[in-house]
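Chain residues, written in single-letter form:
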Amino acid sequence: MATATKPETGADAAVSRRAFLTVSAAAGGGMLLALSLAEDAEAAISSSGSVAEAHPNETAINAYVTISADNTITIMSKVPEIGQGIKTSLPMVIADELDADWNTVHVVQAPLDPKLYGAQFAGGSFSTPMNWDALRRAGAAARAMLITAAALKWRIPESDLSTSQGKVIAKDGRSLTYGQLAADAARVVPPDIKNLALKIPSNFSVVGKSIGGVDSPKVVTGQPLFGIDVSVPGMRYAVFQKCPVFGGKVVSANVDEIKARPGILNVFLIQPESPTGLPDGMAMGLQSGVAIVASSWWQANKALESLKVVWDEGPVASQSSAGFAAKAQELSTQAPHKVIRTDGDPKGALAGAAKVIEAAYSYPFVAHSPLEPMNSTASFTNGKLEMWSPTQNPGAGKTLVAKVCGISEDAVTIHMTRCGGGFGRRLGSDFMAEAALIAKLQGEPVKLVWNRNQDLQHEFYRPGGFHYFKAGLDANGQLIAFTDHYVGYANGPKASNSSDLAATEFPAKYVKNLELATSTMQLGVPTGPMRAPGSNAHAFVFQSFLDEVAHATGKDPLQHLIDLFAEERAAPPPPTPAGKGPPGRGGGPGFPMGPPFSGKRAQDVLEMVRDTSGWGKRQLPKGTGMGVAFYYSHLGYFAEVVQATVLPEDGTVKVDKVWVVGDVGSVIINPTGALNQCQGAALDGISQALGQQITINRGRVAQTFPEYPLMRMYQAAQVQVDFKITPFSPTGLGEPALPPVIPALCNAIFAATGKRIRHLPIDTTLLKT
Amino acid sequence: MSYTINVNGTPRTVDVDADTPLLWALRDSLDLKGSKFGCGMGLCGACTVHINGTAVRSCITPVSAVGTSNVTTIEGIGASETGKRVQDAWLKVDVVQCGYCQAGQIMSATALLNNNHKPTDKDIDDAMSGNLCRCATYVRIRAAIKQAAGLPTTDTREV
């Protein structure tokens, strides 16, 4: 793979990995420790290359750790980096147990090789809980092998040896660097990783320290890192125009006219026979459209201005946001399609309630809009496909492109590049399918780049939804009944991707008489996960309506939330390591399960944010208010307070400050990265609430990029972040700080103005006084 | 058409259509991939470069309009004292999340500090609001600009 400007990818590491596999096999099944982390170790060993291919001064201790004679320690980062900081934080976990000197660590993106590395994707805030324990053991195993090597060399017991900062040190003061020991260590039989002694937290040397992003020096000097930066010799450039209506098909186009334009090499009408995967965003594959291949991307994109296509728009052209809103209203007056949870006697309790509160809430479709537009570079030669893709989901992408090109997955190589934002969008692989096929048709390497409006208008979206709530209070103002009729979207019998409502949605279990019910409308617009999927919408509606309930009871809203969990306060569930407990929220088939939800942990973050924000103690001017919300998602507990000011003359909402308190367990692996994620998530949520909306009109997206306002510097409030440390295995931070900020903001607006925000994005014209 | 433009102190020749934006000449003809394509509409700032010291959006600046002006990109900004200070501050404050917008942010921040050695929060808002950061690292961009200016990095905006 010779490339002129090649972002760092797994290919850099291939030499070391082959060496590792061979050395391990030669050492008699020595690869055990990597194997225990992988699905099929035997297969990995049998595919090994020869020692001769290895760099003579580098020794791979295991699949994650390679040590050079000059003491450089190369650590593999197994999952895609999308801005969540995982390329820094997971290697930190390995380096800590290895007792490496972080200054000598060089991090390299691992190749896509699930047999060696296990699951490799960025989603669900799973990377930390799925890998924390396993990667500690990978680091500890390598350290143990270095100690064994030193003990053999010096002929002294291992108990006389310790490690520090990349050295093995004997009691008598002798020391050897890891670089000096690496070659011997690679021949040591790896220890049983289940019985390794792991550090106690007070001995952490890397974990818990703030460490800047490993790629940041390259980012700030403009070196190529991202998918869009890939350059392959002989590469051509492509754009791909799909029907504005989702699922529409190309009938004909002015191909000859486009071909006559400057720089245009080819025009392909793509009419796939296989299913497009619509409207499931995660399953989206190749769709019908027109591919234009040119000598430069500018020429290809410019040609779109002259492109005339006759489309068969198909059935989705009859769908619109306005139509769905009217239909939802109609459905809300009818019996729900499905009751997903009934506790007690909600109807009876409402009928007998001293006071009933009713409210209708809704939220729109939202686009992810990562700043790096969808793109991929593909080279198809002799039946083999090589791709460089900014993807969150390289394994799924590999399966898809193999299918699209009609080749086996063994004939596909995927290089994961750094991603210019993900937010869930790159869990779909549609852009990879397009690049793969265009490269195959062109017979030359091709870089496909979507333009910005294509990116906005051919996403899959956070699904919109409509909620119709009722709450009943008894004569003492206690919440005794709660019902929600959620009208969402479906594709056939299945809820549209990421539009599910869980039967465990809070306050389920905490209100005696409760009903959660759903009705659905058939949707042809693609939907899928966006940062904190489901939660980013449901937090807004449930936590806003509970704020309404609190005000109706006359209680302080923060105390009201704490009191809702009161039953559990007496007997909190015992700490359970992640992965060992019964199913908790945020898991799923094949994914780690956290310990069961704990009302005590919820109460604790609420109490802490009461202190950090000065809740109830601050004198606020007229037009300024504070709101609070709590949400549990992705195994993280987050309580957040927003202070907002509403300008009376035009209703403009100014967010003054956000206070975030999170509980993600016992360790904050990289505090600077953790703060960055929480600050970003809080501002991301505010950005959504203030202006983001995708409207569907006749089956197509109504907005262009200038009509899709993303937060800018002048709107970005201070965000204070604090963590509550608890004795649970650490969990992820890419997502859980987002959901509560939206209702906290809307509740702050209510506190400031007495006006309740029940629909997103916030309509400031309703806030004028 | 052939154009010779001065990029980071060196004359470079590109052969592109006259309407080709400077961004694509830099990225695809000169292999300077640091300036990023975000929107192609001058709205996100990811493509920001300096032309004679002024921050401009290279995605809407035709290469034919550059003439003999001096173009500075993220690859070259570290050669200036201010640019280096801004890059260092970005690392010290650990601004980066995904990093895609940061080249443009650094170019806008450097232009700001070249004209205004002690910017206020309002100055920062005014100079930086043309640069989107989808990860919303704004709090840290603000701190890094202050760090580079030798100002206290604590957020002093009124609450």
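Residues numbered from 1 in each chain as written. Chains lettered and ligands numbered in written order. Predicted model: local features only at pLDDT ≥ 70, side-chain atom pairs only at ≥ 80, totals over all residues.

1. Structural notes on the domain arrangement of chain A
Alright, step 1. You can read the domains of chain A as domain 1 (10–208), domain 2 (227–315 + 368–457) and domain 3 (532–581 + 592–769).
Alright, step 2. Listed per partner, the contact involves 10 residues of domain 2 of chain A and 9 residues of domain 3 of chain A. (Domains from an automatic or database assignment. Contact = placed C-beta atoms within 7 Å.)

2. Brief notes about the packing of helix H3 (residues 81–92) of chain B against helix H4 (residues 102–115) of chain B
Residue and element names in this part refer to chain B.
Alright, step 1. Contact geometry of H3 with H4 gives a least axis separation of 9 Å together with a crossing angle of 130 degrees. It follows from the interaxial angle that H3 and H4 lie oblique. The way H3 lies across H4 gives a crossing that is right-handed. Touching Thr 82, Gly 83, Val 86, Gln 87 and Trp 90 of H3 are Gln 102, Ile 106, Ala 109, Thr 110, Leu 113 and Asn 114, all from H4.
Alright, step 2. Here the contact of H3 with H4 is composed, by residue class, of 5 nonpolar, 6 polar and no charged. (Axes fitted to C-alpha atoms, helices over the stretch in contact; angles between N-to-C directions. Helix = DSSP H or I, 4+ residues; strand = E, 2+ residues; numbered from the N terminus. Parallel < 35°, antiparallel > 145°, perpendicular 65-115°, else oblique. Left-handed = near helix turned anticlockwise from the far one by under 90°. Nonpolar A, V, L, I, M, F, W, Y, C, P; charged D, E, K, R; others polar.)

3. Digging into the domain arrangement of chain B
All names here are of chain B.
Alright, step 1. On domain assignment, one finds that chain B holds domain 1 (2–74) and domain 2 (77–148).
Alright, step 2. Computed over C-alpha atoms, the centres of domain 1 and domain 2 are 20 Å apart.
Alright, step 3. If you look at the interface, domain 1 gives 16 residues, while domain 2 gives 13 residues.
Alright, step 4. In terms of residue count, strand E3 (residues 48–51) provides more of the side of domain 1 that touches domain 2 than any other element does, 3 residues in total.
Alright, step 5. Classifying every residue of the side of domain 1 that touches domain 2 by side-chain character gives 6 nonpolar, 9 polar and 1 charged.

4. Comments concerning helix H19 (residues 599–613) of chain A
All names here are of chain A.
Alright, step 1. Helix length check: H19, at 15 residues, gives a terminal C-alpha distance of 21 Å against a target of 21 Å (1.5 Å per residue), a fit within 8%.
Alright, step 2. Those residues of H19 that sit buried are Gly 599, Arg 601, Ala 602, Gln 603, Asp 604, Val 605, Leu 606, Val 609, Arg 610 and Ser 613.
Alright, step 3. One or two residues past the end of H19 sits Gly 614, with phi positive at roughly 70 degrees. (Expected span 1.5 Å × (residues − 1). Buried ≥ 20, exposed ≤ 12 C-beta atoms within 10 Å, placed from the backbone.)

5. Here we look at the confidence of the model for chain A
Predicted coordinates in areas of low pLDDT are best not read in detail.
All names here are of chain A.
Alright, step 1. In the predicted model, chain A carries a mean pLDDT of 89, and 89% of its residues have values of at least 70.
Alright, step 2. Note on residues 1–55: pLDDT under 50 across the span, and 116 contacts to partners over four residues away in sequence or across chains.
Alright, step 3. Below a pLDDT of 50 lies the segment residues 569–590, which in the model reaches 47 contacts outside its immediate sequence neighbourhood of four places, other chains included. (pLDDT = per-residue confidence, 0-100.)

6. Details of the packing of helix H13 (residues 394–405) of chain A against helix H14 (residues 430–442) of chain A
Residue and element names in this part refer to chain A.
Alright, step 1. Where H13 meets H14, the axes come as close as 9 Å, and the angle between the chain directions of the two elements is 35 degrees. Read as a crossing pair, H13 and H14 show a hand that is right-handed. In this structure, H13 contributes Gly 397, Leu 400, Val 401, Val 404 and Cys 405 to the contact, and H14 contributes Met 432, Ala 433, Ala 436, Leu 437 and Lys 440.
Alright, step 2. Grouping the amino acids of the contact of H13 with H14 by side-chain chemistry returns 8 nonpolar, 1 polar and 1 charged.

7. Here we look at the environment of A:Ala644
All names here are of chain A.
Alright, step 1. Along the chain, Ala 644 turns up in strand E24 (residues 636–646).
Alright, step 2. Classification of Ala 644 by C-beta neighbours within 10 Å gives buried; the count is 28.
Alright, step 3. Linking Ala 644 and Ala 717, residues 73 residues apart in sequence, is a C-alpha distance of 9.6 Å.

8. Section: the sheet that holds strand E3 (residues 73–77) of chain A
All names here are of chain A.
Alright, step 1. The mixed open sheet is built from 4 strands, whose spatial order is E1-E2-E3-E4. At either end of the open sheet lies a strand with only one pairing partner, and these are strand E1 (58–60) and strand E4 (105–109). Strand-to-strand twist in this sheet, taken as the mean axis angle between neighbours without regard to direction, amounts to 25 degrees.
Alright, step 2. Looking at chain direction, E3 and E4 are connected through 5 bridges and run parallel. Looking at the pairing, Ile 75 lines up with Val 107 of E4.
Alright, step 3. Against the sheet, helix H4 (residues 86–98) makes contact with strand E2 (65–68), E3 and E4, and its axis sits at roughly 130 degrees relative to E3, the strand it touches most. (Pairing = 2+ DSSP bridges.)

9. Here's the deal with the confidence of the model for chain B
Alright, step 1. In this model, chain B carries an average pLDDT of 97, and 100% of its residues clear a pLDDT of 70 or more.
Alright, step 2. Two summary scores accompany this predicted model of the complex, namely pTM at 0.93 and ipTM at 0.99.

10. Things to note about the pairing of strand E20 (residues 479–491) of chain A
Residue and element names in this part refer to chain A.
Alright, step 1. Along E20, 11 of the 13 residues are buried, which leaves the element largely enclosed by surrounding structure.
Alright, step 2. Sheet topology note: the strand E19 (residues 465–473)/E20 ladder contains 8 bridges and is antiparallel. Note on E20: the bridge partner recorded for Ala 471 is Phe 482.
Alright, step 3. Hairpin connection from E19 to E20: 5 residues lie between these consecutive antiparallel strands, with Gly 477 at a positive phi of about 80 degrees.
Alright, step 4. Pairing of E20 with strand E22 (residues 513–522), which is carried by 10 bridges, proceeds in the parallel orientation. Looking across to E22, one finds that Asp 484 is bridged to Leu 516.
Alright, step 5. Sheet analysis places E20 next to strand E21 (residues 494–495), joined by 2 bridges and oriented antiparallel. Bridging across to E21, Ala 490 finds its partner in Ala 495.

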